[in-house]
Amino acid sequence: MLVASGTFGYAREMESLVDLSRLGGILPKTITKAPRAGNAPWRTIETPSGMLNSIGLDNDGIDAFVEHHLPYLSGLGTPVVVSIAGRNHEEFVAMTAQLSDCVADAGLRIDAVELNISCPNVTGGVDFGTAPDSCERLVAACRAAGEVPVIAKLTPNVTSVVDIAKAAEAGGADALSLINTCQGMAVDWRGRKPMLGNVIGGLSGPAIKPIALRCVWQVSQAVRTPLIGIGGIASIDDVMEFLVAGASAVQLGTVNFYNPTASMQVIDALPSAVQELGASRVRDVVGTLSI
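Residues numbered from 1 in each chain as written. Predicted model: local features only at pLDDT ≥ 70, side-chain atom pairs only at ≥ 80, totals over all residues. Heavy atoms only, no water.

**Student:** When you look at unusual backbone geometry in this model, what are you seeing that I'm missing?
**Tutor:** If a residue is not glycine, its phi is most likely negative; likewise, a peptide bond is most likely trans. Here Pro41 and Trp42 are connected by a cis peptide whose omega angle stands at -10°. Its location among the elements puts Trp42 in the loop between β2 (25-26) and β3 (44-47). At the junction of Leu178 and Ile179, the peptide bond is cis and its omega measures out at 20° in the coordinates. Turning to its location among the elements, Ile179 is positioned in the loop between β8 (175-178) and β9 (182-184). Positive phi values are uncommon outside glycine, yet Ala11 reaches one of about 80°. Examined against the element boundaries, Ala11 turns out to sit in the loop between β1 (2-3) and β2. Overall, Ala11 belongs to the buried group, its relative accessible area being 0%. We note that Val199 has phi near 70°; this positive angle belongs to a residue other than glycine. Topologically, Val199 is positioned in the loop between β11 (193-194) and β12 (201-204). (Helix = DSSP H or I, 4+ residues; strand = E, 2+ residues; numbered from the N terminus. Buried < 20%, exposed > 50% of the residue type's maximum accessible area, 1.4 Å probe, protein only.)

And the structure:
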């Protein structure tokens, strides 16, 4: 059980609420090569059963992350998966290589790199997540750039998520995360204006869980690469649904904003839920959906 990037800060913000050592992995906020100021406000809007965000990958850049945040994360004893987003192919590869060097040369902990090729809130954010050929080339290049495992985070905003998943697998992805947010918008009809500064944002939370489940199940039928389910997961029932649908692990995201201890509640409930299905290990229930 992991926590999703963009919803858990850099972990320091949550250490008084969550026993970080119990998590299966921490994904800090997505980082970019150069600092980004993000999009104009408003950047988050509450919606029925969900949240729209157009943060725009606001962060201080990879060098600041390596200097100020990675040493702290490395000392937690919890697996660290670093989410990265590049403006182009070369930036993704260079960032992967730089992070791999942090492990090899500085002894810092990075258990995997998650390629955010699916952010709908920045220009070019989904370029590599919507074209199979570009996706395969990027994953392969990042995989070759260092020794750190590579995870591709996929978007649901495509005609066929299965085609993109197959391409990421062909490129050598060690795992696939799905899904990122669904594109949406909110409107102030009285003012006749969009409510988000960026007009369109990413919808997350319980509202997108059925879409995420559908994507996980479809992709699980088409690839052998392990899947990480994301999208509206807030309870042990949600977790179990994703596991039987084909996910080997899950990330909790939006729930961290309104129930920051949800991860601990899920971890506490997981053993009995697995036993309820007559299994002793999580892996024994993965992909056991009967059709």
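**Student:** Looking at this structure, how should I read the packing of helix α5 (residues 161-170) against helix α6 (residues 209-220)?
**Tutor:** How two helices pack is summed up by the angle between their axes together with the distance between the axes. Two numbers describe how α5 lies on α6: the axes approach to 9 Å, and their chain directions differ by 50°. Considered as vectors, α5 and α6 are oriented oblique to each other. Between α5 and α6 lies a crossing whose hand is right-handed. Contact residues: α5 offers Val161, Val162 and Ala165, while α6 offers Arg214, Cys215, Gln218 and Val219. Residue composition of the contact of α5 with α6, by class: 5 nonpolar, 1 polar and 1 charged. (Axes fitted to C-alpha atoms, helices over the stretch in contact; angles between N-to-C directions. Parallel < 35°, antiparallel > 145°, perpendicular 65-115°, else oblique. Left-handed = near helix turned anticlockwise from the far one by under 90°. Contact = heavy atoms within 4.5 Å. Nonpolar A, V, L, I, M, F, W, Y, C, P; charged D, E, K, R; others polar.)

**Student:** How do you make sense of the packing of α6 against helix α7 (residues 236-245) when you look at a structure like this?
**Tutor:** Two elements in contact, α6 and α7, have axes whose closest approach is 8 Å; the angle formed by their N-to-C orientations is 25°. Between α6 and α7, the angle is such that the two are roughly parallel. Crossing handedness for the pair α6 and α7: right-handed. Contacts between α6 and α7 involve Lys209, Ala212, Leu213, Val216, Trp217 and Ser220 from the first element and Asp238, Glu241, Phe242 and Ala245 from the second. In terms of residue class, the contact of α6 with α7 is built from 6 nonpolar, 1 polar and 3 charged.

**Student:** I keep staring at the environment of Gly61 and nothing clicks. Help me out?
**Tutor:** For Gly61, the location among the structural elements is in the loop between β4 (50-53) and α1 (62-74). Classification of Gly61 by relative accessible area gives buried; the value is 4%. Residues Gly61 and Tyr258, 197 residues apart in the sequence, show an inter-C-alpha distance of 27 Å. If we skip the residues at most four places from it in the chain, Gly61 touches Thr32, Lys33, Ala34 and Pro35.

Bear in mind that shape data such as this cannot, by itself, settle questions of function.
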